[in-house]
Amino acid sequence: MEIMHRIKMLTVMAVNETGRTLRSSKIYILGLYLIVVYSLVIEPLKNCSGLMDSKISYLEIFCSLNNSSVVFLVMPLAFMIIISDFPKDDGIGVFYQMRCSRSEWITGQLFFCIIVSILMIFFNLMASIVMIGSCGEFSVDFSYAVTHYVTVYPEKSRDYVVDLVPGRLYNQLKLTKAFWLSAGFVFLYFLILSTIQLFFYLINKKNIGILINVMLIGVGCILNSFETKLRWLFPMSHTIPSAHFQEYIREEIFPIYGSLLYLGAMYVLLIVACFAVRKKKQLF
């Protein structure tokens with residue numbers, strides 16, 4: 001009974017923290033984020049759909065959010081703005097710190113990280129479905145519009161839309177696998193970013209944690225754009241499925257399982273580090 005009571009308390013803590021985040025004024029950044037996504041992703045794909053007289057798969061749109069370097073710079077930055085004041089020291093947060101042990105409080109915050117990461121992914125999926133409107137459809141295969149765009153319009157081979165769902169993605173992976181890899185990688189990426197922030201909060205260096213996250217996002221995006229080998233030192237390139245493959249040859253530049261191990265190991269190490277330094281933070 002005691003264990004069930006503790007689990008219930010930690011769950012309530014995480015849910016309440018999520019509710020406070022959703023009610024925060026920072027959530028309005030998602031409005032600006034959607035404008036950017038519509039301009040950079042949805043509108044070009046709509047134009048592509050119209051030119052090719054073929055609908056775009058909803059899963060394909062989600063994959064485009066996670067495989068374009070430009071868009072994938074904006075998404076984690078929006079996530080970081082939303083959780084920029086995590087963990088909170090005010091209101092009910094103080095109450096939970098007083099009622100829980102340090103380990104329980106950290107576990108509750110880790111639950112929150114999981115919930116908010118899932119919600120961000122779900123928001124991206126649903127928002128892309130709504131914004132594409134009648135130009136989209138439910139399909140488990142890459143659309144004719146995307147896979148044959150360059151074939152039909154060779155003079156448009158350098159168009160921006162070609163990079164949204166790159167050939168190295170649809171030539172190497174089935175859409176369902178590309179979708180689940182994109183969602184899984186992004187989920188781990190968000191968990192890493194939020195847990196880094198939690199760790200630096202626990203050692204009383206919260207602002208440094210935010211700066212490190214911004215650096216990881218920015219430098220990772222730049223290195224991935226230039227496709228240097230150094231990009232694999234940062235989590236961003238591991239999060240983009242298309243970055244793992246050659247354009248036409250069925251050969252991996254970096255193994256998918258290697259990125260799963262990298263991201264998973266980093267997340268586990270961060271969790272261990274959070275519990276290791278739990279006594280450094282003076283909780284109420």
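Residues numbered from 1 in each chain as written. Predicted model: local features only at pLDDT ≥ 70, side-chain atom pairs only at ≥ 80, totals over all residues. Heavy atoms only, no water.

### A look at the side chain of Asn213
Summarising the element assignment, Asn213 is placed in helix H12 (residues 206-226). By relative accessible area, Asn213 is classed as buried at 0%. Dropping the residues within four chain positions of it, Asn213 is found in contact with Met80, Leu193, Ile196 and Gln197. (Helix = DSSP H or I, 4+ residues; strand = E, 2+ residues; numbered from the N terminus. Buried < 20%, exposed > 50% of the residue type's maximum accessible area, 1.4 Å probe, protein only. Contact = heavy atoms within 4.5 Å.)

### Here we look at the packing of aromatic side chains
For the structure on display, the rule yields 10 aromatic pairs. Seen from their ring centres, Trp105 and Tyr201 are 5.7 Å apart, and the 35 degrees between their planes marks the pair as tilted. Of the two residues, Trp105 sits in helix H6 (residues 102-132) while Tyr201 sits in helix H11 (residues 175-202), which places them 96 residues apart along the sequence. Like Tyr201, Trp105 is buried. A network of ring pairs unites the aromatic residues Phe62, Phe179 and Trp180 as a single cluster. The ring of Tyr153 is capped by Lys156, whose NZ or CZ atom sits 6.0 Å from the centre of that ring. (Phe/Tyr/Trp six-rings, centres within 6.5 Å; stacked < 30°, edge-to-face > 60°. Lys NZ or Arg CZ within 6 Å of the ring centre and 35° of its normal.)

### Quick word on the environment of Asn67
Relative to the assigned elements, Asn67 resides in helix H3 (residues 58-67). What makes Asn67 buried here is its relative accessible area of 5%. The spatial distance from the C-alpha of Asn67 to the C-alpha of Met4 is 41 Å, given a sequence separation of 63 residues.

### Re the packing of H11 against helix H14 (residues 256-276)
Contact geometry of H11 with H14 gives a least axis separation of 9 Å together with a crossing angle of 25 degrees. By the angle between their directions, the pair H11 and H14 is classed as roughly parallel. Where H11 crosses over H14, the handedness of that crossing is left-handed. Note on element contacts: H14 touches H11 through Ile256, Ser259, Leu260, Leu263, Gly264, Met266, Tyr267, Leu270, Ile271, Ala273 and Cys274, opposite Leu181, Phe185, Leu188, Leu191, Ile192, Thr195, Ile196, Leu198, Phe199 and Leu202. Among the residues forming the contact of H11 with H14, the class breakdown is 18 nonpolar, 3 polar and no charged. (Axes fitted to C-alpha atoms, helices over the stretch in contact; angles between N-to-C directions. Parallel < 35°, antiparallel > 145°, perpendicular 65-115°, else oblique. Left-handed = near helix turned anticlockwise from the far one by under 90°. Nonpolar A, V, L, I, M, F, W, Y, C, P; charged D, E, K, R; others polar.)

### Details of the nonpolar core
In terms of nonpolar packing, the biggest core is built from 88 residues, with Val41, Met75, Trp105, Met120, Leu198 and Leu202 touching the most fellow members. Residues contacting Met75, with those up to four places away along its chain left out, are Tyr33, Leu65, Asn66, Met120, Asn124, Val186 and Phe190. (Core = buried A, V, L, I, M, F, W, Y, C linked by side-chain atoms within 4.5 Å.)

### Re the packing of H11 against H12
Following both chains from N to C, one finds H11 and H12 inclined at 155 degrees, their axes separated by 7 Å at the closest point. Taken together, H11 and H12 sit at an angle that is classed as roughly antiparallel. Handedness of the crossing formed by H11 with H12: right-handed. Contacts from Tyr189, Leu193, Ile196, Gln197, Phe200 and Tyr201 of H11 reach H12 at Lys206, Ile208, Gly209, Ile210, Ile212, Asn213, Leu216 and Ile217. Taken together, the residues that form the contact of H11 with H12 break down as 10 nonpolar, 3 polar and 1 charged.

### Brief notes about helix H2 (residues 29-52)
When the terminal C-alpha atoms of H2 are compared, their 34 Å separation across 24 residues agrees well with the 34 Å that a helix rising 1.5 Å per residue should span. Of all the bends in H2, the greatest measures close to 45 degrees and is centred on Tyr38. Taken residue by residue, H2 has Leu30, Tyr33, Val37, Val41, Ile42, Pro44, Leu45, Cys48, Ser49 and Met52 as its buried positions. Of the residues trailing H2, Asp53 is marked for its positive phi of about 50 degrees. (Expected span 1.5 Å × (residues − 1). Bend = angle between axes of the 7 residues up to and from the residue.)

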